Amino acid sequence: MRSGRTFVIDRNVNQGETALTTSAALRVLFVLLVGLWMVQPAFARTVTGAVFDSGRIQISSGMAGLASSASCEDGLLFTFTESAAPDPLALSRRDESARSGVIQLEVRINSVCEHVAGGQASFQYKHRSLNGGTIGEDLLISTLAVGLVLPLEPGQSDSRIISYQAGGSSPSDHEFALLGDEISFFGGDSFGSASQERVLARIQVTGARFVDPEAPILQEPGRERERDAIVRLEQACLSEDASASLRETCAQLAGAEGERLLQVARAFDPHEITVVPGAATELGQIQTSNVSGRLSALRGGATGMSLEGLSLSYNGRRFDSGLLPASLVRRMDESGTESTLFSQRWGVFVNGDISIGTRDERGKEVGFDFDSWGLTSGVDYRFNGGHVAGLALGYSAYSADLDDDGGGLDSDTWALQAYGSFNVSDAFYIDLTLGRGWMDFDQDRVIDMSGIGNLTRNEARGSTSGTQWTASAAFNYRIQLDGAWQITPYGQFRYAYSEIDAFSESSVSPFALNFPEQTIVSRIYTAGARVSRAVNLSRSVMVPFLDLAYEHESGNDGYLLQPTLVTSPGVLGPVIEISDPDRHVARADLGASWVFVGGMQMFVSYSALLFDRDMTRHTVYAGARWAF
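This section reports on the structure supplied with the text. (Residues numbered from 1 in each chain as written. Predicted model: local features only at pLDDT ≥ 70, side-chain atom pairs only at ≥ 80, totals over all residues. Heavy atoms only, no water.)

## Remarks on the overall build of the protein
- The secondary structure content of the protein amounts to 6 helices and 34 strands.
- Every one of the 628 residues in the protein was classed for burial, and the buried ones make up 50%.
- Considering only contacts in the protein between residues 6 or more positions apart, those separated by 24 or more positions represent 71%.
- Accessible surface for the protein amounts to roughly 27,300 Å². Of this, 55% is attributable to carbon and sulfur atoms. (Helix = DSSP H or I, 4+ residues; strand = E, 2+ residues; numbered from the N terminus. Buried < 20%, exposed > 50% of the residue type's maximum accessible area, 1.4 Å probe, protein only. Contact = heavy atoms within 4.5 Å. Areas by Shrake-Rupley, 256 points an atom, 1.4 Å probe, with all protein chains shown as cover.)

## Overview of the sheet that holds strand β25 (residues 513–515)
- Sheet architecture is open: 3 strands sit in the order β24-β25-β30, paired in antiparallel fashion. Only two strands of the sheet have a single neighbouring strand rather than two, namely β24 (503–504) and β30 (564–565).
- Relative to β30, β25 runs antiparallel, the two sharing 2 bridges. By the bridge assignment for β30, Asn514 is matched with Thr564. (Pairing = 2+ DSSP bridges.)

## Considering the pattern of salt bridges
- Under the defined criterion, the tally for this structure stands at 28 salt bridges.
- Here Glu197 makes a salt bridge to Arg128, at a shortest N to O gap of 2.5 Å. Pair noted here: Glu197 is in strand β12 (residues 190–206) and Arg128 is in strand β7 (residues 120–129), with a separation of 69 residues, a long-range link.
- Since its relative accessible area comes to 38%, Glu197 is described here as partly exposed.
- For Arg128, a relative accessible area of 36% corresponds to the partly exposed category.
- By sharing partners, the salt bridges in this structure join Arg45, Asp87, Glu175 and Arg202 into a single network. (Salt bridge = Lys/Arg side-chain N within 4 Å of Asp/Glu carboxyl O.)

## Notes on the state of the cysteines
- For the coordinates displayed, the defined rule picks out 2 disulfides.
- Between Cys72 and Cys113 runs a disulfide, and the two sulfur atoms are separated by 2.1 Å. Judged by the sign of its S-S torsion, about -100°, the cystine formed by Cys72 and Cys113 is left-handed. Here Cys72, found in the loop between α2 (63–69) and β4 (76–85), pairs with Cys113, found in strand β6 (residues 100–113); they are 41 residues apart in sequence, far enough to count as distant.
- Residue classification places Cys113 among the buried residues on the basis of a relative accessible area of 0%.
- Paired by a disulfide, Cys237 and Cys250 hold their sulfur atoms 1.9 Å apart. Between Cys237 and Cys250, the disulfide has an S-S torsion of -80° and is therefore left-handed. Here the residue Cys237 occupies a position in helix α3 (residues 224–238), and Cys250 occupies one in helix α4 (residues 244–253), the gap between them amounting to 13 residues. Neither Cys237 nor Cys250 differs from the other in exposure class; each is buried.
- When the bonded cysteines of the protein are counted from the start of the sequence, the pairing works out to 1-2, 3-4. (Disulfide = S-S within 2.5 Å.)

## Details of the packing of aromatic side chains
- Per the stated rule, a full pass over the model turns up 11 aromatic pairs.
- Residues Phe78 and Phe185 carry aromatic rings whose centres are separated by 6.4 Å and whose planes lie at 75° to one another, so their mutual orientation is edge-to-face. One end of the pair, Phe78, is in strand β4; the other, Phe185, is in strand β11 (residues 174–187), and 107 residues separate them in sequence. One exposure class covers both Phe78 and Phe185, and it is buried.
- Between Tyr395 and Trp414, the aromatic rings sit 4.9 Å apart at their centres with planes inclined by 55°, giving tilted as the arrangement. In this pair, Tyr395 is assigned in strand β18 (residues 388–402) and Trp414 in strand β19 (residues 407–423), connecting sequence segments 19 residues apart.
- A relative accessible area of 47% means that Trp414 is categorised as partly exposed.
- Among the aromatic residues, those joined into a cluster by ring pairs are Phe368, Phe370 and Tyr398.
- We note Arg56 situated over the ring of Phe52; from NZ or CZ to the ring centre the distance is 4.1 Å. (Phe/Tyr/Trp six-rings, centres within 6.5 Å; stacked < 30°, edge-to-face > 60°. Lys NZ or Arg CZ within 6 Å of the ring centre and 35° of its normal.)

Just geometry here; none of it tells us what the structure is for.
This is how it looks when you write it as structure tokens:
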């Protein structure tokens with residue numbers, strides 16, 4: 001039962017003046033609602049509604065629409081305005097300063113039909129997840145169910161501040177909503193409730209970092225490579241181009257910390273490829289060294305068929321038989337008649353080289369142990385005047401075992417070289433080489449994420465090829481001193497130009513990468529001197545020697561590689577930094593060689609690398625040579 005069909009818009013005037021016509025009341029209401037709407041905060045959401053005795057709530061998106069359609073004669077009880085600010089409320093699991101926030105909720109009674117004036121209305125509010133987040137886990141709320149109770153009098157209002165906090169460590173973004181729900185009322189002879197959901201504010205929770213580049217363990221000295229890898233991984237996980245497999249892996253990595261975070265960084269970091277440029281340089285030096293050995297043997301008196309035993313070396317250095325004085329390159333036959341080994345024009349040789357070595361971490365490059373070996377065979381011809389020219393074919397293999405179970409590299413090369421030795425004078429001679437090589441590389445990179453979720457240990461395998469040009473020029477001047485002493489100052493220039501093709505890794509892990517092509521240019525300048533002295537023994541001549549050399553490398557500048565993920569081609573992997581080599585190093589060799597009656601030669605020597613910041617070498621060389 002209802003009495004009267006008028007609005008009560010102001011309870012502060014005399015009771016005799018409260019009754020207005022419906023049309024006049026609606027005009028005044030429209031002005032009031034527009035004023036209220038215009039003074040809301042900039043980021044507030046405002047909802048205007050009308051409650052009817054039928055249990056219906058009518059929501060209007062415009063002031064005029066509600067004012068023109070609502071009337072007490074149609075069962076209208078009262079009108080109201082709800083506002084919530086800010087909308088949206090942005091919370092973040094990544095930024096501690098943005099992890100919590102508040103929403104101010106306010107309700108105002110705008111107009112009341114006379115037959116319910118003096119009653120009471122209760123507004124109930126609730127929260128809901130809009131995209132799978134969990135209330136109480138991903139979003140913590142100070143009050144889950146919010147209720148505001150207001151007298152049914154125009155101008156009455158109430159407000160509540162609701163506190164929110166982003167919870168959990170999920171990397172996913174979640175969105176929640178503050179909703180208007182049920183409105184119950186009583187007044188006069190009218191009572192009941194009305195229900196219609198109304199979105200008043202959205203709460204947006206940004207996902208936690210998949211991996212945290214600001215983690216304390218990554219700020220420790222020497223963690224630059226791991227920190228950079230985590231920065232790139234976080235970007236990859238958040239990328240719109242991330243594949244489903246990458247997103248799934250990132251989700252399992254969320255919350256990793258301490259040693260687990262370092263494990264993730266090492267799994268994503270691809271600096272294992274920094275071994276490849278060193279392998280390319282080493283492969284080229286093996287063949288150049290073997291051909292240089294043949295030239296030294298020629299200066300030492302070998303012609304015809306010559307088979308040199310494998311020369312034990314370290315990091316590519318080998319014995320130079322040119323240490324022998326020129327006066328000792330002749331042998332005595334059993335009758336005592338002096339005969340020379342330079343009597344034949346054609347020569348065939350086989351040289352071998354075996355190297356072992358260790359390289360510490362350099363910049364962001366990984367440390368590793370390596371070994372290599374090479375065989376070179378060729379044929380040459382001696383011209384009048386002592387000039388020599390020849391052609392050699394060689395094979396080299398290189399293997400590296402990376403530190404910290406990082407994987408390994410196997411590579412090999414075939415090389416074809418032309419070489420020559422030219423006499424400028426009796427004491428001054430020049431040795432030249434020019435070569436072309438074809439390289440193959442097989443790389444295994446360990447991606448170990450075992451113990452993190454259901455992730456396992458995998459390997460990413462990649463293969464590629466490359467080509468190489470090499471050249472060298474050595475300038476030697478032999479000084480024969482009084483007695484059996486000899487000094488040979490020398491200078492050498494070695495050049496290598498290598499191109500390595502782009503390649504892609506294969507792996508079940510989404511961390512497999514595409515690597516771009518690489519170009520490596522190396523120029524090494526050497527200046528040194530060999531000092532030797534002949535000592536006559538009963539059936540041989542022993543020649544102790546000392547070789548001191550300084551090397552300067554130009555070119556071979558550091559460079560950057562930017563790989564991409566195989567399963568997510570638009571996503572970048574960590575930037576790979578190839579460091580500059582040591583520009584200035586020195587080398588000291590001390591040893592002795594023997595020339596036996598019958599032409600056999602052998603040697604042993606000790607070598608030390610000096611002034612290299614990342615490498616320490618203590619080397620023993622041994623070798624033998626037979627002349628035919």
